[in-house]
Amino acid sequence: MQISLTLNGKKITEEVAADLLLIDFVRNHGCYSVKRGCETSNCGLCTVFLDEKPVLSCSVLAARADGHKVDTLEGLQEEAEEFGSFIAGQGAEQCGFCNPGMIMNAIALFRENPDPSDDEIREYLAGNLCRCSGYEGQLRGIHDFLDYKRKGGAR
């Protein structure tokens with residue numbers, strides 16, 4: 001079947017198998033930040049934006065993205081780089097495996113709610129498995145980033 005979508009700002013039309021998962025489609029197009037961690041929709045490592053909303057690409061057929069916009073971390077480098085330094089500053093990137101999915105969900109949170117409570121932050125991070133940090137470093141990093149944004153981007 002033929003699908004056409006916009007991946008990180010680039011229009012792609014391609015023949016794909018009906019059972020091809022979106023994770024495999026984006027990885028086939030060089031988006032290696034999207035990781036396969038569990039294949040059960042539990043870890044968040046495969047998070048992408050489908051029309052600006054976070055979805056688990058291991059649970060979405062590529063055909064469902066036909067006619068839509070898909071963004072991965074590779075397409076959000078400016079936002080990701082700005083926020084990622086705050087996670088690193090808290091030591092929350094110990095192994096770094098969960099960072100792409102964590103950053104994608106944090107960006108979604110910031111876009112939807114620029115002043116989240118701790119419970120709202122935890123709700124957004126709940127779908128991201130982190131085996132190293134216990135999530136407190138990510139929480140501190142998010143608070144530091146939000147303080148930075150409130151101060152107009154001055155450290």
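Right above here is the structure, for reference.
Residues numbered from 1 in each chain as written. Predicted model: local features only at pLDDT ≥ 70, side-chain atom pairs only at ≥ 80, totals over all residues. Heavy atoms only, no water.

1. Comments concerning the pairing of strand β3 (residues 47-50)
Selection rule: The buried label goes to any residue with under 20% of its type's maximum accessible area, the exposed label to any with over 50%, and the partly exposed label to all in between, with areas taken from a 1.4 Å probe on protein chains only. For helices the rule is a DSSP run of H or I covering at least 4 residues; for strands it is a run of E covering at least 2, with both sets numbered from the N terminus onward. Strand pairing is assigned whenever DSSP detects at least two bridges linking the two strands.
Side chains Thr47 and Phe49 project from β3 onto one buried face, and the interleaved Val48 and Leu50 project onto a second face that is buried too. A loop of 2 residues connects β3 with strand β4 (residues 53-56), the two strands running antiparallel in sequence, and Asp51 in this loop sits at a positive phi of about 50°.

2. Details of the sheet that holds β3
Formally: Here an angle of 0 to 180 degrees is reported between the N-to-C directions of two axes, which are lines fitted to C-alpha atoms, with helices fitted over the stretch in contact. The contact criterion used throughout is that any non-hydrogen atoms of two residues lie within 4.5 Å.
Spatial strand order, β2-β1-β5-β3-β4: 5 strands in an open sheet with mixed pairing. Strands with a single pairing partner mark the edges of an open sheet, and in this sheet they are β2 (10-15) and β4. Along the sheet, successive strands turn relative to each other by an average axial angle of 40°, direction set aside. The pairing of strand β1 (residues 2-7) with β2 spans 6 bridges and is antiparallel. The residue of β2 that forms the bridge with Thr6 is Lys11. The sheet contacts of helix α3 (residues 99-112) involve β3, β4 and β5 (69-71), and relative to β3 the element is tilted by about 40°.

3. Overview of the pattern of salt bridges
Stated formally: By definition, a salt bridge exists where a carboxyl oxygen of Asp or Glu is found within 4 Å of a side-chain nitrogen of Lys or Arg.
Evaluation of the coordinates by the stated rule reveals 9 salt bridges. Glu112 serves as the salt-bridge partner of Lys53, at 3.7 Å between the closest nitrogen and oxygen. Of this pair, Lys53 sits in strand β4 while Glu112 sits in helix α3, and the two are 59 residues apart along the sequence. Its relative accessible area of 47% is what places Lys53 among the partly exposed residues. Residue Arg150 pairs with Asp115 through a salt bridge whose shortest N-O separation is 2.9 Å.

4. Overview of the packing of aromatic side chains
Put simply, the rule is: Paired rings are identified among Phe, Tyr and Trp, the last through its six-membered ring, by centres lying within 6.5 Å, and are further divided according to the angle between planes into stacked (under 30 degrees), edge-to-face (over 60) and tilted (the rest).
Within this structure, the stated rule accounts for 6 aromatic pairs. For the pair Phe110 and Phe145, a centre-to-centre distance of 4.7 Å together with 35° between the ring planes defines the contact as tilted. A residue pair is termed long-range when its members are at least 10 positions apart, and Phe110 in helix α3 and Phe145 in helix α5 (residues 136-150) qualify at 35 residues. Of the residues examined, Phe145 reaches a relative accessible area of 5% and is grouped as buried. Ring-pair connections join several aromatic residues into one group, and the members of that group are Phe83, Phe86, Phe110, Phe145 and Tyr148.

5. Considerations on the packing of helix α2 (residues 77-89) against α3
Basically, it comes down to this: Any angle from 65 to 115 degrees is called roughly perpendicular, while one under 35 is roughly parallel, one over 145 is roughly antiparallel, and all others are oblique. For this classification, Asp, Glu, Lys and Arg are treated as charged, while Ala, Val, Leu, Ile, Met, Phe, Trp, Tyr, Cys and Pro are nonpolar and the rest, including Gly, are polar.
At a closest axis distance of 10 Å, the pairing of α2 and α3 adopts a crossing angle of 110°. With respect to α3, the element α2 is oriented roughly perpendicular. Taken together, the residues of α3 that come into contact with α2 (itself represented by Glu79, Ala80, Phe83, Gly84 and Ile87) are Asn99, Ile103, Ala106, Ile107, Phe110 and Arg111. Partitioned by chemical class, the residues of the contact of α2 with α3 number 7 nonpolar, 2 polar and 2 charged.

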